[in-house]
Amino acid sequence: MKVKKAAFGAIDKAFIESRFQDRVNIIFSNDNNKGKTLLFQGILYSLGNEPIFPAGFPFNDYYFYSKIEIGGNDVEFIRKGRSIIVRDDGGIRAFDSVSEFKYALKTYIPNMPEIYKKDRQKLVDPCLFYELFFVGQDLRDPSSTFSKYYNKSDFMNVLYALAGIGRNVLTSEEIKSLKDRIKNKRNKRAQLAKDINRLNIDPEVRRTVLQSSNNEEVRRKESDIKKARLRVSEVDRALSRELNRKFKLEALLTELNSLNRKIEVGSVKCGDCGSERIVYTNGNFDFELTNSYVKSSMLSSIKEDIKLKEEIIEELRNELRTEKLSLEREVSTAPAKVRDIMLFRDQLNDGSKLDDELVSIDSKIEEISAQLLVQEGDIGENRQAQKEFVATITTLMNKYGNKVDQSKSEEYKGVFAVQGQTYSGSEQQLYYFCKLMAFSSYFNHKFPLIIDAFREGEISSGKESQMLDVFSSIDNQVILSATLKEEEYSAEKYLPSKNINVIDYSGHVDNQILSPEFSSDFRNILKSFGIVVP
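If you're wondering where the values come from, they're calculated on a predicted model, not measured in any experiment.

K.L.:
Describe the overall build of the protein chain, listing the residues and the values that go with them.
P.N.:
Counting secondary structure elements, the protein chain contains 15 helices and 15 strands. A fraction of 69% describes how many contacts in the protein chain between residues 6 or more apart in sequence connect residues 24 or more apart. Surface exposure of the protein chain reaches about 26400 Å², of which carbon and sulfur atoms provide 46%.

K.L.:
Describe the pattern of salt bridges, naming the residues involved and giving the relevant values.
P.N.:
Using the criterion set out here, one finds 15 salt bridges in the structure. In this structure, Glu464 and Arg455 form a salt bridge, with 2.9 Å as the shortest nitrogen-oxygen distance. Residues Glu464 and Lys493 are paired through a salt bridge, measuring 3.2 Å at the closest nitrogen-oxygen approach. One end of the pair, Glu464, is in helix α13 (residues 461–472); the other, Lys493, is in the loop between α14 (486–490) and β15 (500–504), and 29 residues separate them in sequence. We classify Glu464 as buried; its relative accessible area is 2%. Each member of the salt-bridge network shares a partner with another, and the members are Arg455, Glu464, Glu488 and Lys493.

K.L.:
Which residues make up the packing of helix α4 (residues 152–163) against helix α12 (residues 426–443), and what values go with them?
P.N.:
Where α4 contacts α12, the axes come no closer than 11 Å and their chain directions differ by 20 degrees. When the axes of α4 and α12 are compared, the pair comes out roughly parallel. Along this stretch, α4 crosses α12, giving a crossing that reads as left-handed. Contacts from Phe155, Leu159, Leu162 and Ala163 of α4 reach α12 at Phe439, Tyr442 and Phe443.

K.L.:
I'd love a proper account of the pairing of strand β4 (residues 63–70), names of residues and values included.
P.N.:
Counting buried positions over the eight residues of β4 gives six, a clear majority of the element. Pairing between strand β1 (residues 2–9) and β4: seven bridges, direction antiparallel. The residue bridging Lys5 from the neighbouring strand is Lys67, located in β4. Pairing geometry for β4 and strand β5 (residues 73–80), over seven bridges, is antiparallel. Across the sheet, Tyr65 pairs through a bridge with Ile78, a residue of β5. Between β4 and β5, which pair antiparallel one after the other, the connecting turn spans two residues, and Gly71 there sits at a positive phi close to 60 degrees.

K.L.:
Please set out the packing of aromatic side chains residue by residue, giving values where relevant.
P.N.:
Per the counting criterion, the structure on display carries 33 aromatic pairs. Summarising the aromatic geometry, the rings of Phe57 and Tyr62 are spaced 5.5 Å apart at their centres and angled 20 degrees between planes, so their arrangement reads as stacked. Residue classification places Phe57 among the buried residues on the basis of a relative accessible area of 17%. When the centroid spacing of 4.9 Å and the interplanar angle of 75 degrees are considered together, the rings of Tyr149 and Tyr150 count as edge-to-face. When its relative accessible area of 38% is taken as the criterion, Tyr149 is described as partly exposed. An aromatic cluster of three or more residues is present, and its members are Phe8, Phe15, Tyr45, Phe53, Phe57, Phe59, Tyr62, Phe64, Tyr505 and Phe518. Lying across the ring of Tyr63, Lys80 places its NZ or CZ 4.8 Å from the centre. We note Lys399 situated over the ring of Tyr400; from NZ or CZ to the ring centre the distance is 5.2 Å.

K.L.:
Please set out the sheet that holds strand β14 (residues 478–483) residue by residue, giving values where relevant.
P.N.:
Pairing between the strands of a sheet is mediated by backbone hydrogen bonds and can be parallel or antiparallel. Pairing in this open sheet of five strands is parallel, and the strands run β10-β13-β14-β3-β15 from one edge to the other. Unpaired on one side and paired on the other, β10 (134–135) and β15 mark the two borders of the sheet. Where α13 meets the sheet, its contacts fall on β3 (24–29), β13 (449–451), β14 and β15, and the angle it forms with β3 comes to roughly 145 degrees.

K.L.:
Talk me through the sheet that holds β1; I want residue IDs and the actual numbers.
P.N.:
A sheet is described by the order of its strands in space; here six strands give the open sequence β2-β1-β4-β5-β6-β7, paired in antiparallel fashion. With one partner strand each, in any of the chains shown, β2 (14–17) and β7 (91–95) form the two edges of the open sheet. Averaged over all neighbouring strand pairs, the angle between strand axes comes to 15 degrees, with direction disregarded. Across five bridges, strand β6 (residues 83–88) lies against β7 in antiparallel orientation. Bridging across to β7, Val86 finds its partner in Arg93. Against the sheet, helix α1 (residues 36–46) touches β1, β2, β4, β5 and β6, its axis set at about 70 degrees to β4. Together, β1, β2, β4, β5, β6 and β7 form the strand contacts of helix α15 (residues 519–528), whose direction differs from that of β1 by roughly 110 degrees.

K.L.:
An account of the side chain of Ser519 is requested, with residue identities and associated values reported.
P.N.:
Inspection of the secondary structure assignment puts Ser519 in helix α15. Judged by its relative accessible area of 15%, Ser519 is buried. Of the polar contacts made by the side chain of Ser519, one reaches the backbone oxygen of Pro516; its length is 2.8 Å. In this structure, Ser519 is in contact with Ile11, Asp12 and Lys13, ignoring residues within four places of it in sequence.

The rules behind each value
Position numbers for residues start from 1 in each chain and track the written sequence from start to end. Restriction of local features to residues with pLDDT of at least 70 applies here, the model being predicted, together with a cutoff of 80 or more for giving and counting side-chain atom pairs; totals for whole chains, interfaces and linings are based on all residues. To get the side-chain values, all heavy atoms of the structure are used, and hydrogens and water are removed first. Numbering of helices and strands runs from the N terminus; a helix is a DSSP stretch of H or I covering at least four residues, while a strand is a stretch of E covering at least two. Every residue pair with non-hydrogen atoms within 4.5 Å of one another is taken to be in contact. Residue burial considers only the protein chains on display, and all accessible areas are found by Shrake-Rupley using a 1.4 Å probe. Salt bridge, as used here: a side-chain nitrogen of Lys or Arg that lies within 4 Å of a carboxyl oxygen of Asp or Glu. Exposed residues in this analysis have more than 50% of their type's maximum accessible area, buried residues have under 20%, and partly exposed residues fall in between, with area computed by a 1.4 Å probe over protein chains only. The axes used here are C-alpha line fits, helices contributing only the stretch in contact, and every angle between their N-to-C directions lies in the interval 0 to 180 degrees. To sort the angles, those under 35 degrees are grouped as roughly parallel, those over 145 as roughly antiparallel, those from 65 to 115 as roughly perpendicular, and the leftovers as oblique. Should the near helix be turned anticlockwise from the far one by less than a right angle, the crossing is termed left-handed; should it be turned clockwise, right-handed. By this definition, two strands are paired if DSSP reports at least two bridges between them. Between the rings of Phe, Tyr and Trp (Trp by its six-membered ring), a pair exists once the centres lie within 6.5 Å; its type follows the angle of the planes, with under 30 degrees stacked, over 60 edge-to-face, and the other angles tilted. Geometrically, a lysine NZ or arginine CZ counts as sitting over a ring once it is within 6 Å of the ring centre and also within 35 degrees of the ring normal. For this analysis, a polar contact is any N or O atom pair within 3.5 Å, provided that within protein one partner can donate a hydrogen and the other can accept it, and provided that sequence-adjacent residues contribute only side-chain to side-chain pairs.

Listed below in structure tokens is the structure:
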């Protein structure tokens, strides 16, 4: 996988970078605000990454484009807002969201794994997967991930899945945190039980409600039934959404096919202006269907989307059947008094609200307890394999760390910084370098290693030279950015060499990387996707 070209902008102003080479690329400047970070973030954003642009940059107003070589074939991506278009030899496909796009991305990156998140197995989102080979300039924290939604346990699950050794084993700190959460939840539950006791309702009803709160078996069964109902409802809503989307796609396909037949036997014009241009809108993009290539690609894309929806619908139907059977089992095995209590509570107001909160807390306690049980039971043979994996990655990280800095005294103890370890300045930069190199070495992946601001933290020239030697020794494409001091720039610190391609951004106007100079070529890029350009 190699980056060949990147661009971003609007109709009237843009920027295009096509000087990437299949080796180490250093994009540098003699000052900040020259557009390096916008370029790096733009490449990953076009590929479905979370937006991590500098504050104040109106990224939703612009298109972001990249041309990536994957398996010897060029694949082009363009994104605006939530919508993404993919163009390859097979045509054009449009997606309304990253959630839909990631399934198409898996056709190009088959080893994108599935992980467990919130008790459900799901295909990993691009933003987490890209941390395997990308380090941005902002939101750096060696003890966590860049993603806002995912945590380090999720990323470890990605690594374990790629290594074929199952789900994550929690660290001792995380287990302690879970136990503390259980303790806090139980304290809150005790307070809620007191509130229920103070309810001013009929004494017999009050006695029954209290019984339900104090009888552990009844309370657990009631919680199980409510949780089962909630799972059925969630899956049912997801199924309805996908069925509705499939219906709309089929209706759109029918309309476009009908329109296609009308065009073949006559012509279609706008009744107001007489224009024969036919425009199809998908998310943030408008496509001109009078272009035969675009029209056939859109029809093909919609058919592929329908097939994808059919697969998702079948999976959801199977999941719904499983959840309904689970609910039926819970209800059928529930004592009669549990069913009576649940029916009556639906008529209560304050009592029902308190009870719902109580059940929610119980659910959380059970969920957290289940996580702890997994550590003791379900891990089994994976626990040892995962420990060995982490030890191997850590050994590789220390190997690269010692290669760059022979005076380095503190050893890495894991993929993420552990309690008591703090990396700042050049130490933090060295940590990210070692982590990406360890992943590259262990998995032997073919993704480009991309680090924005790779000299962050005033890393010494000697360490930098060692890092560049390591980067130059691997087969992966490497893309780095750096801001030089004035004396370094004047001394021509970076010169083209056999292994290093240098790209100088110093001539860019501060905070004005977008220019009318690139607008014509950028418009042609948009047109190649069939996007309507005024």
